[in-house]
Amino acid sequence: MPGDDEGATCWLCHRAIASRVQWHHPVPRARKGRATVPVHPICHRTIHAHFTNAQLARIGDDRDRLAREPAVARFLEWIADKPPDFHAPTRGGPVRGGRRR
């Protein structure tokens, strides 16, 4: 729940969240999603860089399905030993209409 982030663990990478937390809707609000989960800003950007809202709506709250996506799996392996407030640019983007944005 937003505001209750003390001692939180990131939904995507399972690392502790320090001072910077964002709240991700596994089912996008645009697709009538209401539930939120705590994520690091870098993890949040990674999710949205690799999945469209339509894809996220189909996947729902299945974190393991997101983690099996090759680009996300590589990200999770890379981020595993980084400190909780680690920040870096996010690469990639969802494929829309056959072209990357």
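So, how was this worked out
Residues numbered from 1 in each chain as written. Predicted model: local features only at pLDDT ≥ 70, side-chain atom pairs only at ≥ 80, totals over all residues. Heavy atoms only, no water. Phe/Tyr/Trp six-rings, centres within 6.5 Å; stacked < 30°, edge-to-face > 60°. Helix = DSSP H or I, 4+ residues; strand = E, 2+ residues; numbered from the N terminus. Buried < 20%, exposed > 50% of the residue type's maximum accessible area, 1.4 Å probe, protein only. Lys NZ or Arg CZ within 6 Å of the ring centre and 35° of its normal. Contact = heavy atoms within 4.5 Å. Salt bridge = Lys/Arg side-chain N within 4 Å of Asp/Glu carboxyl O. Disulfide = S-S within 2.5 Å.

A. Just the packing of aromatic side chains, in detail. Considering all chains together, one arrives at 2 aromatic pairs under this definition. Summarising the aromatic geometry, the rings of phenylalanine 75 and tryptophan 78 are spaced 6.1 Å apart at their centres and angled 45° between planes, so their arrangement reads as tilted. With phenylalanine 75 and tryptophan 78 both in helix H4 (residues 70-79), this residue pair falls 3 residues apart, about one helical turn. Its relative accessible area of 9% is what places phenylalanine 75 among the buried residues. Centre to centre, the rings of tryptophan 78 and phenylalanine 86 are 5.4 Å apart; their planes meet at 70°, and the pair counts as edge-to-face. On the accessibility criterion, phenylalanine 86 (25% relative accessible area) is partly exposed. In this structure, lysine 82 is placed above the aromatic ring of phenylalanine 86, and the distance from its NZ or CZ to the ring centre is 5.7 Å.

B. Molecular detail of the environment of isoleucine 47. Mapped onto the fold, isoleucine 47 is located in helix H1 (residues 41-50). C-alpha separation for the pair isoleucine 47 and leucine 66, spaced 19 residues apart in sequence, amounts to 7.9 Å. When near neighbours in sequence (up to four residues on either side) are disregarded, isoleucine 47 contacts Trp11, Leu12, His24 and Leu56.

C. Structural view of the pattern of salt bridges. Per the counting criterion, the structure on display carries 2 salt bridges. Between arginine 63 and aspartate 64 there is a salt bridge, with the nearest N and O atoms lying 3.2 Å from each other. A relative accessible area of 16% means that arginine 63 is categorised as buried. Classification of aspartate 64 as partly exposed rests on a relative accessible area of 43%.

D. Expanded view of the state of the cysteines. Per the counting criterion, the structure on display carries 0 disulfides. Between cysteine 13, a cysteine without a disulfide, and cysteine 10, which holds the nearest cysteine sulfur, the sulfur-to-sulfur distance is 3.7 Å. Cysteine 10 supplies the cysteine sulfur nearest to cysteine 43, a cysteine that is in no disulfide, at a spacing of 3.7 Å.

E. Representation of unusual backbone geometry. Positive phi, close to 65°, is recorded for histidine 14, a residue that is not glycine. Tracing the chain through its elements places histidine 14 in the segment before strand S1 (22-24). Positioned with a positive phi, lysine 32 is a non-glycine residue whose angle comes to about 75°. Mapped onto the secondary structure, lysine 32 falls in the loop between S1 and strand S2 (37-39). Taking relative accessible area as the criterion, lysine 32 reaches 67% and is therefore assigned exposed.

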